[in-house]
Structures are given as structure tokens and as C-alpha cells.
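# Overview (structure and organization)
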Amino acid sequence: MDISGLTQALRVQYANGERDYYMPPMVKRGWGCAADRVTDNDCVFFCIRRGDRQAQILNAFSNQSFSEFATERFPNLILIPLVEHNRKSDRTEALFTTIRPEGTLGHVVSQAGLRQLRLGESEKQSHVTYFFSGRRHEPYEGEDRIIVPSPEPWNFANHPGTSTREVAGLAAAALAAGKYSFIFVNLAAGDIIGHIDNWDANVRCAEAVDAALATIRDAALANGYFVAVTADHGVLERAFHADGSPSLGHTTSPVPFGLIGADVVPAATRAGDRPQGYRTLADVAPTLLKLMSLPIPNEMTGIPLAIPGSSMNPEKCVMVLMDGWGIGPDDPNTNPIAAANVPAFRRLTLEGFYTQLTASGPSVGLPEGRSGNSETGHLTIGAGRAIPQDELRIATAIDSGAIAENRVLVAACRKVAERNGAVHVLMMLSNKSSHGNMSEGIAVARASAQHGVRRICLHLILDGRSTPPTGGIELLHSLADRLGPDVPAQIATAIGRGYALDRSGKYTEYTAPSYRAMVYGQGHAF
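Small disclaimer: the values here were computed from a predicted structure and weren't measured. (Residues numbered from 1 in each chain as written. Predicted model: local features only at pLDDT ≥ 70, side-chain atom pairs only at ≥ 80, totals over all residues. Heavy atoms only, no water.)

## A word on the nonpolar core
Heads up, the condition is: Nonpolar core, defined: a set of buried Ala, Val, Leu, Ile, Met, Phe, Trp, Tyr and Cys residues in which side-chain atoms within 4.5 Å join the residues together. Exposed residues in this analysis have more than 50% of their type's maximum accessible area, buried residues have under 20%, and partly exposed residues fall in between, with area computed by a 1.4 Å probe over protein chains only. Helix and strand labels come from DSSP, where a helix needs a run of H or I of at least four residues and a strand needs a run of E of at least two; each type is numbered from the N terminus. Here, two residues are considered to be in contact whenever any of their heavy atoms come within 4.5 Å of each other.
Formed by 81 residues in total, the largest nonpolar core has its most connected members in Phe182, Leu259, Leu288 and Trp325. It is helix H7 (residues 199-222) that contributes the most residues to this core, 11 residues altogether. If sequence neighbours within four positions are ignored, Leu259 has contacts with Phe226, Val227, Ala228, Val264, Thr287, Leu288, Leu291, Ala306, Leu348, Glu351, Gly352 and Phe353.

Dropping the structure here:
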């Protein structure tokens, strides 16, 4: 597979100040090369693990009534996501069905006839709703949702608090109103700014999140709520690797869990259930349900970490999730949280009930040693148990060779081969992203060739967040080496993750250029 043209094009783009995350569309040989473009005889594999991230581009191809921008009608085009996101679509069939756990925290609250509120900003909309509800799109009965717009991604560094202050203000108002028995607040800034190589922005981010925590805490205590504070994974707590290079990806750090405004005592751990001191995100929901005097579903394998120490405790709860806030070394030279002025967080660790939770690897359904992410964190917290994650299930299928015999994949490849069509693989050019990695795209390309497909077009999504901002060239060489000479694949397009995987509803600005690159060959030539 020839990567020389794209490599040179990336060098030019980097020299002009472009970075991988928002890399504008680049297409092989420029405009109008039909052999590399999506046609009605083809199949498109969407090798993106995060259904919410692929939803817009998939919608543009699959929805026959799509009207956000002009599209072609491809009645025979086969569309195959890696994982299922929307069960309502009749145009797609996923390689891997989605596990949707029942008996979530939100479901228990609803079944009790209580009202609940989900509150966050748009960058984390799917996490505070879909993932926390066990991959359920629809609100539960009695559930309200408030989503505040996030700043534009290209301007995150100038808004280190993102929309945290607005979210905290709305949370305080909801607490004062008192009509909700459970309020879930996501403070998203840590996971947004923690991916940016900007020390000052990281420190100011930690301080903004801490100020929001204080606002919510004070409003809760003044209005008869107890406060639970936790995080879904780490990133903000580590700015540098041991060699001094920027650390921009998620970590395997533990995360905080504290309770404020409730008289509690530590619960006795069931003997033999787990190693001494092993506490995980799955324990959050059972703990909160216990303190709210609500039943703990049998499906939950987590255990209560604390129990009421008094019959006078409030039974209304606000849970504050500080997204991306891991527990790192207390070193103000490497840890932005340690360098920041965070009195509310310091108070949390010193007063009341406080512990640390494992938020990575098997404890959240991921392979051993794998860092956590927002999807796994919110899913595990809401479900009260570790759900086998798509990354683990897909990796197992790749390692065993089972993916090459996947029923959906085999049928699609055979049909494309009969039509003399092409397989298009939309894939992440990354080794670390929670949205997908190149192993999955490589496996699908190999399997397609194995089943008789002779034209395989790769549509690469540059990362730039879980990888260095200009890491695309190095990753290209890795892709070429791993794919090898036996697979008849060529790179058709390359585009930044900020375009192809937009989830903010900006179809015209970001999704349309991605679609037009794949279908019409519109973009910078390489």
C-alpha cells in the first residue's frame, strides 16, 4: 500500500498549521476518481466503536429522508457498523450486537416513582444519558435532561472551564427547587482540557471544576441532599510521561469517591468476594441506592461501600461526576490538579467518607492494563457492574480469527464480490483511542480480501487527541507495516476526527465534508 502521497500531503498540512484532530478532508488524486469513491455496488464498514461518534456520518448514508445536506441515494449500498448504536435502523446490521444492561440506577429510581435529572454539556451528552442508562436512548419515566452547549472544540484552550460554570448554576437551581430525588451532574471540562498540551489551561480547568463542585455541594447541603462525588477515568492528573513528553491520553489511575452531607459508616465487604481494598466504579450505584433506601437489583454485582449511620440522613442525592479527574502523584510539577487551588476537592478527601476506585481494565469490562474512558465509566457506574466492553469483545474476535467468519461480514463481502464492488473501511488511524483503533480496520480489510473482495478502500480518521497532534505520519507507517502487501487496499481519504466523528449536530460544517470526500472525492489531493 502506497503511503507516500498522503505522507507528503500531511507534511504540507502540518507546516501550514493544521493538526490531526481537525485535519480537513484529503483525497487520493483529488476530484472525481470514481474507483475510490463509494458507489451503490459497495459496502461501507464503519469501524468505530463509539456509536454516538459515528451516528452523524452513518445517518447521512443510511437515512432515506436525510435532509441536513444533499446526499446520494444508494438503495443497494451495504452499511455495516462495527457495533450497534441505534436499534431502529433497518438499513444497517452490526458486526457485534450491543449489550444493554437492565436494572440500572436510573431505572431503579424511575421504578420507585421518583423524579431524576441528567445534567451536563453537549460534549458529554451521550454519556450522561445513553451510556449511564445502560445504552438506552429514551429517558426513563420521570427523567428530565438539560444539556448545555459546549464551546467550539477548536477553541477549548481558551475556555479551560468549558461550560462547567453554567452546568453548576443549573444544578444549584435544580437543587433549590427540590423536585428531583436524584440528580446526576457531569462536569466535563477535565476530560476535554486534559487532552490538550497546555499546562496553564489544565490547571485552570481543575480550578473551574473545583469551583463548580463547591457550588453544587453548598446548594445540596442547603436543600436536603447528600452529595456523591466521583469520576469516570483519569487524564487531567497526568500532564507528562516519565520522559517529559506530553501525556494526552487516558490513564489507568484510580478515581475519587466521596460522600458529603450523609452520616455513613463503611460497609463490611463480603469475605472472599474481592482482594483487600479492591473497590471499583461498579460499587457506586449500590452505595447510592443503599443510602437512598432503594432496592439494589440482583443484576448489580457491585457492593455498597457505605451504609447509613443514622436514620436522619437525607435520601435525596446529587451525584457529581468530575470527568477525567484521576488520582495522580501529589506533584505540582507534573499533576495539574496538584498544582491547582482546589479547596472543595481537598475538603472532600479529608471529611466524611472518602476512598478511591479502580476505573480501568477488567473492573470496567476492558482488557487488563487498558485505561478507562467515558463510555466504560458511565456505563459501569450506571449499571452497577462491569459490562464486557466492545473493545474487549472485538479484540477477542480478532485474536481468535473469529471476526473473519462473522456472519454479517461474510455475507456482505460475498455480495460485494459478486457485484464486482468495493469494500470501504472507515477506520481510526490510532492505537489508543476509545473510539476505535487500527487493529479493527486492519482485521476487517484482511477478512474482506479473504472472502474475495479485490478492491478495498481505506478512509482514515486521524486522531490527534489520544495520539500526538501531528502523529499521523508515524501511524501511517505502522498501518502500512501491519497491513502488509497481501491485502489489496489503498487509502482513499483521510480526515480529522473532529470532522468525521462530530456529534454536536454540525452536519454542514463537519459531517458534510466527510461525506463528500468519500462519495465525490472532494478535498485536498494527495
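## A few points about the pattern of salt bridges
The criterion, for reference: In what follows, salt bridge is the name for a side-chain nitrogen of Lys or Arg lying within 4 Å of a carboxyl oxygen of Asp or Glu.
The full count for this structure, using the stated rule, is 18 salt bridges. Between Arg393 and Asp390 there is a salt bridge, and its shortest N-O distance comes to 2.8 Å. A residue pair is termed a helical-turn pair when its members lie 3 or 4 positions apart in one helix, as Arg393 and Asp390 do in helix H12 (residues 390-400) at 3 residues. Asp390 sits in the buried class, given a relative accessible area of 4%. One network of salt bridges, with partners in common, ties together Arg49, Arg370, Glu391 and Glu440.

## Observations regarding the sheet that holds strand E5 (residues 143-148)
Test applied: Pairs of strands are assigned from DSSP output, requiring at least two bridges between the strands. For helices, the axis comes from a line fit to the C-alpha atoms of the stretch in contact; other axes are also lines fit to C-alpha atoms, and the angle between any two N-to-C directions lies between 0 and 180 degrees.
The strand order across the open sheet built from 7 strands is E5-E4-E6-E11-E7-E8-E12, with neighbouring strands paired in mixed fashion. Edge strands, defined here as strands with exactly one partner in the open sheet, are E5 and strand E12 (353-357). The sheet shows a mean angle of 15° between the axes of neighbouring strands, direction not considered. Sheet topology note: the strand E4 (residues 116-121)/E5 ladder contains 6 bridges and is parallel. Considered in E5, the bridge of Gln116 is made with Glu143. Strand contacts of H7: strand E6 (182-187), strand E7 (225-230), strand E8 (255-260) and strand E11 (316-322), with the helix running at about 180° to E11, the strand carrying the most contacts. Strand contacts of helix H10 (residues 343-350): E7, E8, E11 and E12, with the helix running at about 75° to E8, the strand carrying the most contacts.

## A closer look at the layout of surface pockets
To keep it simple, the criterion reads: Any residue with an atom within 4 Å of a point lines the site, the site being either a cavity, points on a 1 Å grid over the protein atoms alone where a 1.4 Å probe fits but cannot get out, or a pocket, an open set with protein on both sides within 12 Å along at least 5 of 7 lines. Grid points are joined across faces, edges and corners, and a volume is the space filled by probe spheres set on the points. Under the convention adopted here, Pro, Cys and the residues Ala, Val, Leu, Ile, Met, Phe, Trp and Tyr are nonpolar, Asp, Glu, Lys and Arg are charged, and Gly plus all remaining residues are polar.
If you add up the space inside the second largest pocket, you get close to 620 Å³. With 3 residues, helix H15 (residues 472-483) is the single largest residue contributor to the lining of the second largest pocket. A class-by-class count of the residues in the lining of the second largest pocket yields 6 nonpolar, 18 polar and 13 charged.

## Let's talk about the environment of Pro469
With respect to the helices and strands, Pro469 occurs in the loop between strand E14 (456-462) and H15. Considering only alpha carbons, one finds Pro469 and Tyr22, 447 residues apart in sequence, at a separation of 9.6 Å. The residues touching Pro469, leaving out its near neighbours within four places in the chain, are Tyr14, Arg19, Asp20, Leu248 and Gly464.

## Observations regarding unusual backbone geometry
One non-glycine residue, Thr162, lies in the positive phi region at around 40°. The exposure class of Thr162 is buried, given its relative accessible area of 11%. Here Asn420, not a glycine, exhibits a phi torsion of approximately 60°, which is positive. Along the polypeptide, Asn420 turns up in the loop between helix H13 (407-419) and strand E13 (423-429). The class for Asn420 is exposed, based on a relative accessible area of 62%.

## What about the packing of aromatic side chains?
For the record, the criterion: For this analysis, a ring pair means two rings from Phe, Tyr or Trp (six-membered ring only for Trp) whose centres lie within 6.5 Å, classed as stacked if their planes differ by under 30 degrees, edge-to-face if by over 60, and tilted for the remaining angles.
Tallying each qualifying case throughout the model produces 16 aromatic pairs. Arranged with centres 4.4 Å apart and planes meeting at 35°, the rings of Phe132 and Phe184 form a pair that is tilted. Pair noted here: Phe132 is in the loop between helix H4 (125-131) and E5 and Phe184 is in strand E6, with a separation of 52 residues, a long-range link. We note that Phe132, like Phe184, is buried. With a centroid separation of 5.4 Å and an interplanar angle of 90°, the aromatic rings of Tyr499 and Tyr510 are classed as edge-to-face. Here the residue Tyr499 occupies a position in helix H16 (residues 497-500), and Tyr510 occupies one in helix H17 (residues 507-520), the gap between them amounting to 11 residues. Per residue, the accessibility class of Tyr499 equals that of Tyr510, and both read buried.

## A short note on the packing of helix H1 (residues 4-15) against H15
Helix packing geometry: the angle between the two helix axes and the distance between the axes. Condition: Any angle from 65 to 115 degrees is called roughly perpendicular, while one under 35 is roughly parallel, one over 145 is roughly antiparallel, and all others are oblique. By definition, turning the near helix anticlockwise from the far helix through less than a right angle yields a left-handed crossing, and turning it clockwise yields a right-handed one.
At a minimum axis distance of 10 Å, the contact between H1 and H15 shows a crossing angle of 170°. By the angle between their directions, the pair H1 and H15 is classed as roughly antiparallel. Crossing handedness for the pair H1 and H15: right-handed. Residues Leu6, Thr7, Leu10, Arg11 and Tyr14 of H1 lie in contact with H15, whose contacting residues are Gly472, Ile473, Leu476 and His477. Residue composition of the contact of H1 with H15, grouped by class: 5 nonpolar, 3 polar and 1 charged.

## A closer look at helix H8 (residues 284-291)
Summarising burial for H8: 7 of the 8 residues are buried, a large majority. Of the positions making up H8, those classed as buried are Val284, Ala285, Pro286, Thr287, Leu288, Leu289 and Leu291. One or two steps after H8, the chain reaches Ser293, where phi turns positive at roughly 60°.

## Brief notes about the sheet that holds E13
Pairing in this open sheet of 7 strands is mixed, and the strands run E3-E2-E13-E14-E15-E1-E16 from one edge to the other. What marks the edges here is a single partner per strand, and that holds for strand E3 (78-81) and strand E16 (524-525). As defined by bridge partners, strand E2 (residues 43-47) adjoins E3 across 4 bridges and the pair is classed as parallel. Residue pairing across strands places Phe45 opposite Ile80, the latter belonging to E3. Packing against the sheet, H13 makes contact with E2, E3 and E13, and its axis sits at approximately 155° to E3. Across the sheet, H17 is in contact with strand E1 (26-27), E2, E13, E14 and strand E15 (489-496); its angle to E15 comes to roughly 165°.

## Quick notes on the side chain of Gln389
This is how it is decided: Between N or O atoms, a polar contact is any pair within 3.5 Å; within protein, one atom must be a potential hydrogen donor and the other a potential acceptor, and residues adjacent in sequence are included only when both atoms are from side chains.
With respect to the helices, strands and loops of the structure, Gln389 is situated in the loop between helix H11 (374-383) and H12. Within the structure, Gln389 has its side chain in polar contact with the backbone oxygen of Val364 (distance 3.4 Å). Excluding residues that lie within four positions of it along the chain, Gln389 makes contacts with Arg135, Val364, Gly365, Leu366, Glu375, Thr376 and Leu379.

## Digging into the packing of helix H5 (residues 164-177) against H7
Packing of H5 against H7 leaves a shortest axis separation of 9 Å and a crossing angle of 5°. Relative to H7, the element H5 lies roughly parallel. On the side of H5, the interface is formed by Thr164, Ala168, Ala171, Ala172 and Leu175, while H7 contributes Ala208, Val209, Ala212, Thr215, Ile216, Ala219 and Ala220. In terms of residue class, the contact of H5 with H7 is built from 10 nonpolar, 2 polar and no charged.

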